[in-house]
Amino acid sequence: CMNYMLPVSYAWGNFSVLAVGIWAIVQRDSLDAITMFLTGLLLTILTDIIHISIFYPARDFLSDAKRFSIGMAIFSLLLKPVSCYLVYRMYRERGGQ
């Protein structure tokens, strides 16, 4: 989804949450890391919806590469609630209330 259709803030937001997710996986005993990862995932769901709805191209300017790019961005957005559920289960396993 890096076809220069979505702004740089989309990539920075998702890559920073990915970095926090790696930190949360490495630090198995840290409750703060998993809380920040869950909060970041929830926040990126909201910002992804805003980015996709604002920057979705018109039908006339939709090439195959842009169609694939936006499709992958939407697919990523659809998988994030599942990720949130799994991260919440990890949060509960680590002693979160």
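Residues numbered from 1 in each chain as written. Predicted model: local features only at pLDDT ≥ 70, side-chain atom pairs only at ≥ 80, totals over all residues. Heavy atoms only, no water.

## Let's talk about the packing of helix H2 (residues 31-55) against helix H3 (residues 64-93)
Between H2 and H3, the shortest axis-to-axis distance is 10 Å and the interhelical angle comes to 155 degrees. As judged from the angle between their axes, H2 and H3 are roughly antiparallel. Pair H2 / H3 crosses with left-handed handedness. In this structure, H2 uses Leu-31, Ile-34, Thr-35, Phe-37, Leu-38, Leu-41, Leu-42, Thr-44, Ile-45, Asp-48, Ile-49 and Ile-52 to contact H3, whose residues at the interface are Ile-70, Ala-73, Ile-74, Leu-77, Lys-80, Pro-81, Ser-83, Cys-84, Val-87, Tyr-88, Met-90 and Tyr-91. By residue class, the composition of the contact of H2 with H3 is 19 nonpolar, three polar and two charged. (Axes fitted to C-alpha atoms, helices over the stretch in contact; angles between N-to-C directions. Helix = DSSP H or I, 4+ residues; strand = E, 2+ residues; numbered from the N terminus. Parallel < 35°, antiparallel > 145°, perpendicular 65-115°, else oblique. Left-handed = near helix turned anticlockwise from the far one by under 90°. Contact = heavy atoms within 4.5 Å. Nonpolar A, V, L, I, M, F, W, Y, C, P; charged D, E, K, R; others polar.)

## What to know about the layout of surface pockets
Estimated volume of the largest pocket: approximately 470 Å³. If you trace the largest pocket, you find 21 residues lining it, with Asn-14, Leu-18, Leu-41, Ser-76 and Lys-80 closest to the centre. The element contributing the most residues to the lining of the largest pocket is helix H1 (residues 8-26), with nine residues. Its residues assigned to classes, the lining of the largest pocket shows 15 nonpolar, five polar and one charged. (1 Å grid on protein atoms, 1.4 Å probe; cavity = no way out; pocket = protein on both sides within 12 Å on 5 of 7 lines; lining within 4 Å. Points joined across faces, edges and corners; volume = space filled by probe spheres on them.)

## Topic: the UniProt feature "transmembrane region" (unreviewed entry) in the protein chain
As annotated in UniProt, the feature "transmembrane region" (unreviewed entry) corresponds to residues 6-26, 33-56 and 68-88 in the numbering used here. Taken end to end, residues 6-26 comprises 90% helix and 0% strand; its first and last C-alpha atoms sit 30 Å apart. (UniProt positions renumbered as here; feature names shortened; annotations may be inferred.)

## Side note on the side chain of His-51
With respect to the helices, strands and loops of the structure, His-51 is situated in helix H2. Residue classification places His-51 among the buried residues on the basis of a relative accessible area of 13%. (Buried < 20%, exposed > 50% of the residue type's maximum accessible area, 1.4 Å probe, protein only.)

## A short note on the environment of Ile-74
By the element assignment, Ile-74 lies in helix H3. The spacing of Ile-74 and Ile-22 is 52 residues in sequence and 22 Å in space, taken between C-alpha atoms.

## Focus: the packing of H1 against H2
Describing two packed helices takes the angle between their axes plus the distance from one axis to the other. Where H1 contacts H2, the axes come no closer than 9 Å and their chain directions differ by 160 degrees. Put simply, H1 runs roughly antiparallel to H2. For the crossing formed where H1 meets H2, the hand is left-handed. Touching Ser-9, Tyr-10, Gly-13, Asn-14, Val-17, Val-20, Gly-21, Trp-23 and Ala-24 of H1 are Ala-33, Ile-34, Met-36, Phe-37, Gly-40, Leu-41, Thr-44, Asp-48 and His-51, all from H2. For the contact of H1 with H2, the class distribution of residues is 10 nonpolar, seven polar and one charged.

## Comments concerning H2
The end-to-end C-alpha distance of H2, which contains 25 residues, comes to 36 Å, matching closely the 36 Å that a straight helix rising 1.5 Å per residue would cover. Along H2, the positions that sit buried rather than exposed are Ala-33, Ile-34, Phe-37, Leu-38, Gly-40, Leu-41, Thr-44, Ile-45, Asp-48, His-51 and Ile-52. Each element contacted by the buried residues of H2 is listed here: H1 and H3. The N-cap residue of H2 is Ser-30: its side-chain oxygen and the backbone nitrogen of Ala-33 are 3.2 Å apart. (Expected span 1.5 Å × (residues − 1). Polar contact = N/O pair within 3.5 Å; in protein donor to acceptor, adjacent residues only side chain to side chain.)

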